[in-house]
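Examination of the molecular architecture
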Amino acid sequence: MPALKQKVYAYITSGKRLLLMRHVDFPESGLQVAGGTVKQGEDLVSAVLREVEEETGLMNLEFNGCLGASIRYMKDVGLDEIHHRFFYHLRCLEETPPSWRHDEHDPSDGSPGPIHLEWFWTELDDVHELAGNQEEFLNTLQLNID
């Protein structure tokens, strides 16, 4: 029986730009948004804010609610897991460079850290596909910021 895990994802926006990430050492993992595994006993909002801070270094964010949830069997990426995924909208309130690197030191998959991540802003209209179907609620996000 596949393991069930709760996952949180953050669509972080600044105006009509979306913050995306690529793994520096594993570019084949594709473009992604901030997110990760909910810890035992952790509420979903705390989890998404923790994951964003760990992965991006950003802390000055406005929480704009949950955009939706879905269930995804991860067999297509080699995992015998079912992910209950929750997608949130956060607005970045601080000035950032157009791109930056940030290391995640506490990977939820148990791998040794750090994980080297490269973050960059891109126009929301230019985003059509993300790794692991993370684009799933981009249309809902678009409605939230239009």
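Please refer to the structure higher up on the page.
Below is a short write-up of the structure. (Residues numbered from 1 in each chain as written. Predicted model: local features only at pLDDT ≥ 70, side-chain atom pairs only at ≥ 80, totals over all residues. Heavy atoms only, no water.)

Side note on the pattern of salt bridges
Enumeration over the complete set of coordinates arrives at eight salt bridges. Between E118 and R22 there is a salt bridge, with the nearest N and O atoms lying 3.3 Å from each other. Placement of E118 in strand β7 (residues 115-123) and of R22 in strand β2 (residues 17-23) is noted, with a sequence separation of 96 residues between them. A relative accessible area of 21% means that E118 is categorised as partly exposed. R22 gets classed as partly exposed once you look at its relative accessible area, which sits at 30%. Across the pair E54 and R50 runs a salt bridge, and its minimum N-O distance is 3.3 Å. Placement of the pair is E54 and R50 together in helix α1 (residues 44-56), with a separation of four residues, close to one helical turn. Accessibility assignment for this pair places E54 and R50 in one class, buried. Beyond isolated ion pairs, a larger network of salt bridges with shared partners links E42, R50, E51 and E54. (Salt bridge = Lys/Arg side-chain N within 4 Å of Asp/Glu carboxyl O. Helix = DSSP H or I, 4+ residues; strand = E, 2+ residues; numbered from the N terminus. Buried < 20%, exposed > 50% of the residue type's maximum accessible area, 1.4 Å probe, protein only.)

Section: the packing of aromatic side chains
Overall, the coordinates contain four aromatic pairs when judged by the stated rule. Here Y9 and F87 contribute two aromatic rings whose centre-to-centre distance is 5.0 Å and whose plane-to-plane angle is 20°, an arrangement assigned as stacked. Taken together, the positions of Y9 in strand β1 (residues 3-14) and F87 in strand β5 (residues 81-92) put the pair 78 residues apart, joining distant regions of the chain. Among the residues examined, F87 registers a relative accessible area of 0% and is labelled buried. Put simply, the rings of Y9, Y11, F87 and F137 touch in pairs and so form one group of aromatic residues. (Phe/Tyr/Trp six-rings, centres within 6.5 Å; stacked < 30°, edge-to-face > 60°.)

A look at the environment of L31
Take L31: it is sitting in the loop between β2 and β3 (34-37). On the basis of relative accessible area, L31 is assigned to the partly exposed category, the value being 31%. Distance from L31 to N60, taken between C-alpha atoms, is 23 Å for residues 29 residues apart in sequence. Apart from residues lying up to four places away in sequence, L31 is in contact with L20, M21, R22, F120, L130 and A131. (Contact = heavy atoms within 4.5 Å.)

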